[in-house]
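# Observations on the three-dimensional arrangement
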Amino acid sequence: MTQNPPSTGSGHRLLVVMGVSGSGKSTVGAAIAQRLRVPFADADDFHPPENIAKMASGRPLDDHDRQPWLQTLGGWLAEREHTGAVLSCSALKRGYRDLLRGRAATVSFLHLDGTPAVVEARLAARAGHFMPPSLLRSQFATLEPLAADEHGTTIDITQDIDAIVERYLAVSVPVTAPMTTQIPQESA
C-alpha cells in the first residue's frame, strides 16, 4: 500500500519506520536516514527506565505507559520538520500514529510487515534486547496496519535491507502538507 500526496515543497521527509519488534525498524530506518542524509533516532532510546523494566519483565506496555513516550517522540519529529528525520518506532495503533501526526503533521510511515514466523525467527537470533520474544504475540494482536487515509507505505520484510530501502525510496513521496480530514456537515 502506498498513500502519499504529490510533493509540493522542499522534499524534506519526516518518516517513522514502524512495525512489531524484530521487523527491522532500526536497521532499515538508519539505512534510509543515511541515504536521505537526515538525522535518525530509535524510539527505544526514548523509553523511560520504568517502561524498559516493565517490558524486560515480560509485561507489555499499556496506553498509559506509552502516552508520555509518544509525546516526546512527536516533539523530536516536530523539531526536525524543516530538515527531515527518520524515527524507528513500533507505532502499532492508529491512535499512536495520530498522536505523532498531531505533533508533526507532515510525518509519513513505512510499515515493515512480516509474518509472526519470520519475526519470531529474527527475535530468536537477537541477543541483548530488553524486549523479550514472549511479547511478540501481544504486539501482533495490537497492530493496526496503515489505513488507506494514512500517508505511508507497507513493505514486506522478507527482502534484504537494501531491497527494502530501494523499494521505499522508489515509491515514497515526502509529505509536505498536513493531512486534513473532511467532517461531513449535518443537515439542518
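One structure accompanies this document, and this report is about it. Just so you know, these numbers come straight off a predicted model, no measurement behind them. (Residues numbered from 1 in each chain as written. Predicted model: local features only at pLDDT ≥ 70, side-chain atom pairs only at ≥ 80, totals over all residues. Heavy atoms only, no water.)

## Section: helix 1 (residues 25-36)
Short version of the rule: A run of H or I in DSSP becomes a helix once it reaches four residues, and a run of E becomes a strand once it reaches two; helices and strands are each numbered from the N terminus. One less than the residue count of a helix, multiplied by 1.5 Å, gives the span that helix is expected to have.
In this model helix 1 runs 16 Å from its N-terminal to its C-terminal C-alpha over 12 residues, within 8% of the 16 Å that 1.5 Å per residue would give. Among the residues trailing helix 1, arginine 37 stands out with phi positive, at a value near 60 degrees.

## Re the side chain of arginine 101
Applicable threshold: Here a polar contact is recorded for every N or O atom pair within 3.5 Å, except that within protein the pair must consist of a potential hydrogen donor and a potential acceptor, and residues adjacent in sequence are included only if both atoms are side-chain atoms.
Assignment of secondary structure puts arginine 101 in helix 4 (residues 94-103). Of the polar contacts made by the side chain of arginine 101, one reaches the side chain of aspartate 98; its length is 2.5 Å.

## Some thoughts on the packing of helix 3 (residues 63-78) against helix 4
Using the following cut-off: Every angle, taken between N-to-C directions, lies between 0 and 180 degrees, and every axis is a line fitted to C-alpha atoms, over only the stretch in contact when it is a helix. Helix crossings get a hand from a simple test, with the near helix turned counterclockwise from the far one by less than a right angle marking a left-handed crossing and a clockwise turn marking a right-handed one. Residue contacts are defined here by distance: any two heavy atoms, one from each residue, within 4.5 Å place the two residues in contact. We call Asp, Glu, Lys and Arg charged. Ala, Val, Leu, Ile, Met, Phe, Trp, Tyr, Cys and Pro are nonpolar, and the rest, Gly among them, are polar.
Following both chains from N to C, one finds helix 3 and helix 4 inclined at 35 degrees, their axes separated by 8 Å at the closest point. For the crossing formed where helix 3 meets helix 4, the hand is right-handed. Of the residues in helix 4, those touching helix 3 at Asp63, Arg66, Gln67, Leu70, Gln71, Leu73, Gly74, Gly75, Leu77 and Ala78 are Tyr96, Leu99, Leu100 and Arg103. Split by residue class, the contact of helix 3 with helix 4 holds 7 nonpolar, 4 polar and 3 charged.

## Some words on the pattern of salt bridges
We apply this condition: Salt bridges are identified by distance alone: a Lys or Arg side-chain nitrogen within 4 Å of an Asp or Glu carboxyl oxygen. The buried label goes to any residue with under 20% of its type's maximum accessible area, the exposed label to any with over 50%, and the partly exposed label to all in between, with areas taken from a 1.4 Å probe on protein chains only.
Tallied over the entire structure, the rule returns 11 salt bridges. Between aspartate 63 and lysine 93 there is a salt bridge, with its nearest N and O atoms 3.3 Å apart. Of the two residues, aspartate 63 is situated in helix 3 and lysine 93 in the loop between strand 4 (85-88) and helix 4; the sequence distance between them amounts to 30 residues. A relative accessible area of 24% means that lysine 93 is categorised as partly exposed. Residues aspartate 98 and arginine 94 are paired through a salt bridge, measuring 3.0 Å at the closest nitrogen-oxygen approach. Within this pair, aspartate 98 and its partner arginine 94 are both found in helix 4, separated by 4 residues, close to a single helical turn. The class of aspartate 98 is partly exposed, set by a relative accessible area of 34%.

## Some remarks on the pairing of strand 4
As a reminder, the rule being used: Note on pairing: two strands pair once DSSP finds at least 2 bridges between them.
With burial as the criterion, each face of strand 4 is covered, one bearing Ala85 and Leu87 and the other bearing Val86 and Ser88. Here strand 2 (residues 14-18) runs beside strand 4; their pairing, made up of 4 bridges, is parallel. Bridge pairing links valine 16 to leucine 87 in strand 4. As paired elements, strand 3 (residues 40-42) and strand 4 share 3 bridges and run parallel to each other. Within strand 4, the position partnered with alanine 41 by the bridge is leucine 87.

## Comments concerning the packing of helix 1 against helix 7 (residues 161-171)
This is how the line gets drawn: In what follows, roughly perpendicular refers to angles from 65 to 115 degrees, roughly parallel to angles under 35, roughly antiparallel to angles over 145, and oblique to any angle outside these ranges.
Axis separation between helix 1 and helix 7 bottoms out at 10 Å; the angle between their running directions is 55 degrees. Between helix 1 and helix 7, the angle falls in the class oblique. With respect to the hand of their crossing, helix 1 and helix 7 are arranged in right-handed fashion. Within the contact between the two elements, helix 1 uses Thr27, Val28, Ala31, Ile32, Arg35 and Leu36 and helix 7 uses Ile161, Ile164, Val165, Glu166, Tyr168 and Leu169.

## Thoughts on the environment of glycine 102
As for its placement among the helices and strands, glycine 102 is situated in helix 4. A relative accessible area of 63% places glycine 102 in the exposed class. Considering only alpha carbons, one finds glycine 102 and alanine 78, 24 residues apart in sequence, at a separation of 9.4 Å.

## So, the environment of leucine 73
Position of leucine 73 relative to the elements: it lies in helix 3. Residue classification places leucine 73 among the buried residues on the basis of a relative accessible area of 0%. Taking C-alpha positions, leucine 73 is 8.4 Å from leucine 87, a pair spaced 14 residues apart along the chain. Ignoring anything within four residues of it in the chain, the contact list for leucine 73 reads Ala43, Phe46, Leu87, Cys89 and Leu100.

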